[in-house]
Amino acid sequence: MTLLILRRLLGFALTLLAISAAVFFLMNVLPGDPAMVILGIESTEDARAALRDQLGLNDPVIWRYLAWLGGAVQGDFGVSYSFKVPVAELIAERLPMTLALAGLATVVTVALALVLGVYAATHHGRAGDWAVMAFSQLGIAIPAFWLSMLLVILFAVTLRWLPPGGFPGWDDPIAALRALILPATALALVQSAVLARVTRSAMLEVMRQTYIRTATATGLSPARVMWRHALPNALVPIVTIIGMQVANLVTGTIVIENVFYLPGLGRLVFQAISNRDLITVQAMVTLFAAIVVTANFLVDLAYLWIDPRLRART
Amino acid sequence: MLLSIENVHRRYALPRTHLFRAPPVIPAVQGISLTLDRGEILGIVGESGSGKSTLARMVMGFERPDRGRVWLNGQDSATLPRAARRQTQMVFQDPYDSLDPRRSIGWSVAEPLLATSMTTTERHARAADRLARVGLSPADMARYPHEFSGGQRQRIAIARAIAPDPALLVADEPVAALDVSVQAQVLNLLMDLNRTMGLAMLFISHDLAVVASIADRIAVMQHGRIVETGPTAQIVAAPEHPYTQALFAAA
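Since this is a predicted model, take the numbers as computed values, not measurements.

### Considerations on the overall build of chain A
- When you go through chain A residue by residue, the secondary structure sums to 13 helices and zero strands.
- For chain A, the N- to C-terminal ordering of α and β elements is α-α-α-α-α-α-α-α-α-α-α-α-α.
- Along the longest, intermediate and shortest principal axes, the C-alpha atoms of chain A span 85 × 60 × 35 Å.
- Going through the 314 residues of chain A one by one, you find that 45% of them count as buried.
- If you take every contact in chain A between residues at least 6 apart in sequence, the share linking residues at least 24 apart comes to 71%.
- Taking the average place of the 21 positive charges on the side chains of chain A and the average place of its 17 negative ones, the gap between the two points comes to 19 Å.

Next comes the structure, spelled out in structure tokens:
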């Protein structure tokens, strides 16, 4: 078991390394001159050459990668070309908001999907099942940014329950949470529509198993059979999809933060790309990839918790 | 009288084959009456599709008869509260699939006791005792179903079924999925439990030889009806109905 976790941990580290290399070299083959971005198009060729030399851009690419990687593992991602402050600082300022947004969206997604999915499975073929499936089809069909606008029109403009956008900062946690409710809902509804379907079909599959019938036969309540036997056994496909959805939720923040004008990583990466701020984009893409890889690593660990048969294989 | 089945009928509607015609109907059980005393083993034998399992499901209260009644301890099975249903437990055919793969076997055996007033310690002790009764070690309680053989799993399923001290055990083809040598062990175990715990059994099988080896009385089913019934010795010595004779010829 410990060995298994160590092996997964090693795979996790190697994946991160490969991603950082891929991102770095990809950024370096892209056209565009950082010196031009920093000094502007009016600058002289001499000034740009001097800056390139100063930034170490003339060194071999391997050398620059190792230097960047060495800094990155110590939390130094270089200085943003456009914001003129360390990239690490930019990230540190914005990370909590994006994590809170993605975290809240994940909680809403999972809670909503499990309830809807289990409900649909236990009411298989009846009106409730059809209603859940119709909601889910609608959720899958609607793009998150459009749903965001609908939510803003209803809850912010018409009903005035929640702010339409912007972020008041963390000093007032209640206000901060209120600002995150609409964006998190917009992110979560679409994902939960997908996850509800997966939950429903995984539950239907498990409910056909004999041990579910047997559990009922021993005299357990239907609710206990559903939540303690059927759902835990249906978790493997559900958790797999949740792992993939974390990636969608994290990248989804790019769109949602721009719609709701939230100062998070999503807006930062959008601004950095617009400004050709490659060094920031590089750090951000690596960071997004790291979040996704971490989520998948956690999913791998979750499998061990879910299925005792996997634990034995070490 | 522990169990009394009065003229029960059960039909199943198949999916529609034609938009404007009534869906086809399978009459699974067509007027069966049986009784079972405390501590008695009643064998039900018949080929697949003869309605044996449907009968078992109605006794367990999973399904209601279309017509007729099932009485358990003098109470109508259709309106029996869940707590009283613990008096009737069931063992299924497939031992590979009847235990929750995520739960340790100690957990599985103790779970039916959750609805009782027993404490955690009492439940644990009861599960250990029941595992010992079926020939497993209480030390196995922390292990998972996949670590056991088919015969052992069927023993675990039996241990779970007898955990709440039922008066009646419905065993639907409990040995059909097992090797012949293991079949004998499980049959001996069931007979042993019948003697030591006074456990009554509705023992269902397609195999007349298996039923004859364990049952006090036998009812032979064909097409949802009982064609012959009587003490085991009598059925074995002089089967009257041609279908029973055919079953013997096949066994």
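Further notes follow.
### Notes on the packing of aromatic side chains
All names here are of chain A.
- Throughout the structure, instances matching the rule amount to nine aromatic pairs over all chains.
- Taking the centre distance of 6.5 Å and the plane angle of 35 degrees together, the rings of Tyr65 and Trp68 count as tilted. Residue Tyr65 and its partner Trp68 are both found in helix α4 (residues 61-73); the two are separated by three residues, about one turn of the helix.
- Using a relative accessible area of 8% as the deciding quantity, one classes Tyr65 as buried.
- On the accessibility criterion, Trp68 (9% relative accessible area) is buried.
- Measuring from ring centre to ring centre gives 5.7 Å for Phe155 and Trp161, while their planes differ by 40 degrees; the resulting arrangement is tilted.
- Look at Trp161 and you get exposed, because its relative accessible area is 52%.

### What about the environment of A:Ala223?
- Its place among the elements puts A:Ala223 in helix α10 (residues 222-260).
- The sequence separation of A:Ala223 and A:Gly56 amounts to 167 residues, and the corresponding C-alpha distance is 65 Å.

### Examining the domain arrangement of chain B
Residues and elements named next belong to chain B.
- Segmenting chain B into domains produces domain 1 (3-87 + 167-250) and domain 2 (96-165).
- Listed by partner, the interface residues are 15 residues for domain 1 and 15 residues for domain 2.
- Taken together, the two surfaces of domain 1 and domain 2 that pack against each other cover about 1200 Å², and 67% of this comes from carbon and sulfur.
- The tally of links from domain 1 across to domain 2 stands at two residue pairs in polar contact (both at pLDDT 80 or more).
- At eight residues, the largest contribution of residues to the side of domain 1 that touches domain 2 is made by helix α6 (residues 180-197).

### Details of the sheet that holds strand β4 (residues 67-72) of chain B
All names here are of chain B.
- Within the open sheet, the four strands sit side by side as β2-β1-β4-β5. Their pairing is antiparallel. Looking at the sheet topology across the chains shown, the edges are occupied by β2 (25-36) and β5 (75-76).
- With nine bridges joining them, strand β1 (residues 3-13) and β2 adopt antiparallel strand pairing. From the neighbouring strand, Ser4 faces β2, where its bridge partner is Thr35.

### What about helix α1 (residues 2-29) of chain A?
- For α1(A), with 28 residues, the first-to-last C-alpha span of 41 Å sits near the 40 Å given by 1.5 Å per residue.
- Those residues of α1(A) that fall on the buried side of the exposure criterion are A:Leu4, A:Phe12, A:Ile19, A:Ser20, A:Ala21, A:Val23, A:Phe24 and A:Met27.

### Some thoughts on the pattern of salt bridges
Residue and element names in this part refer to chain B.
- If you walk through the whole model with that rule in mind, you get 20 salt bridges over all chains.
- The partner of Arg126 in a salt bridge is Asp165, and the shortest N-O contact between them spans 3.8 Å. In this pair, Arg126 sits in helix α4 (residues 120-133) while Asp165 sits in the loop between α5 (150-162) and β7 (168-172), placing the two residues 39 residues apart along the sequence.

### Here's the deal with a nonpolar patch on the surface
Residue and element names in this part refer to chain A.
- Taken together, the side chains of Phe145, Trp146, Met149, Leu150, Ile153, Val255 and Val259 make up a nonpolar region of the molecular surface, amounting to roughly 610 Å² of accessible area.
- Sorting the residues of the nonpolar patch by element identifies α7 (144-158) and α10 as the ones contributing at least two each.
- Top element by residues in the nonpolar patch is α7. It accounts for five residues.
- For Val255, a relative accessible area of 41% gives the class partly exposed.

### Focus on the interface of chain B and chain A
- Taken together, the contacts link 22 residues of chain B with 22 residues of chain A.
- For the chain B and chain A pair, buried surface summed over both sides reaches about 2200 Å², with 55% attributable to carbon and sulfur atoms.
- Summed over the three residues of chain B that lose the most area to chain A, namely B:Arg82, B:Phe92 and B:Arg102, the buried surface amounts to 28% of that side.
- A salt bridge links B:Glu111 to A:Arg224; the nearest nitrogen and oxygen atoms lie 2.9 Å apart.
- At the boundary of chain B with chain A, the tally comes to nine residue pairs in polar contact (both at pLDDT 80 or more).
- Residues of the side of chain B that touches chain A, tallied by class, amount to ten nonpolar, four polar and eight charged.

### Observations regarding the packing of α5(B) against α6(B)
Residues and elements named next belong to chain B.
- The geometry of α5 relative to α6 is characterised by a closest axis approach of 10 Å and an angle of 20 degrees between their N-to-C directions. Overall, the two elements α5 and α6 adopt an arrangement that is roughly parallel. Both α5 and α6 take part in a crossing whose hand is right-handed. Contacts between α5 and α6 involve Gly151, Gln154, Arg155, Ile158 and Ile162 on the former and, on the latter, Val182, Gln185, Val186, Leu189, Leu190, Leu193 and Met197.
- A breakdown of the residues in the contact of α5 with α6 according to their chemical character gives eight nonpolar, three polar and one charged.

### Some words on the domain arrangement of chain A
All names here are of chain A.
- As far as domains go, chain A holds domain 1 (2-73) and domain 2 (96-312).
- For domain 1 and domain 2, the distance between their C-alpha centres works out to 33 Å.
- Contacts between the two partners involve 15 residues from domain 1, matched on the other side by 17 residues from domain 2.
- Note on domain 1 versus domain 2: buried area summed over both sides is about 1500 Å², and carbon and sulfur give 82% of it.
- Per-residue buried area on domain 1 facing domain 2 is highest for Arg8, Phe12 and Met27; these three make up 36% of the total on that side.
- The interface formed by domain 1 and domain 2 includes one salt bridge.
- Two residues, Arg8 and Asp300, come together in a salt bridge whose shortest N-O distance is 3.9 Å.
- At the junction of domain 1 and domain 2, the tally comes to zero residue pairs in polar contact (both at pLDDT 80 or more).
- Looking at the side of domain 1 that touches domain 2 element by element, the count peaks at twelve residues for α1.
- A breakdown of the residues in the side of domain 1 that touches domain 2 according to their chemical character gives twelve nonpolar, two polar and one charged.

Calculation notes
Residues numbered from 1 in each chain as written. Chains lettered and ligands numbered in written order. Predicted model: local features only at pLDDT ≥ 70, side-chain atom pairs only at ≥ 80, totals over all residues. Heavy atoms only, no water. Helix = DSSP H or I, 4+ residues; strand = E, 2+ residues; numbered from the N terminus. Buried < 20%, exposed > 50% of the residue type's maximum accessible area, 1.4 Å probe, protein only. Contact = heavy atoms within 4.5 Å. Lys, Arg positive; Asp, Glu negative; His and termini not counted. Charge placed at Lys NZ, Arg CZ, Asp CG, Glu CD. Phe/Tyr/Trp six-rings, centres within 6.5 Å; stacked < 30°, edge-to-face > 60°. Domains from an automatic or database assignment. Buried area = accessible area lost by both parts, 1.4 Å probe. Polar contact = N/O pair within 3.5 Å; in protein donor to acceptor, adjacent residues only side chain to side chain. Pairing = 2+ DSSP bridges. Expected span 1.5 Å × (residues − 1). Salt bridge = Lys/Arg side-chain N within 4 Å of Asp/Glu carboxyl O. Patch = residues over 30% accessible without salt bridge, like charges linked within 9 Å, V, L, I, M, F, W, Y side chains within 5 Å. Areas by Shrake-Rupley, 256 points an atom, 1.4 Å probe, with all protein chains shown as cover. Nonpolar A, V, L, I, M, F, W, Y, C, P; charged D, E, K, R; others polar. Axes fitted to C-alpha atoms, helices over the stretch in contact; angles between N-to-C directions. Parallel < 35°, antiparallel > 145°, perpendicular 65-115°, else oblique. Left-handed = near helix turned anticlockwise from the far one by under 90°.

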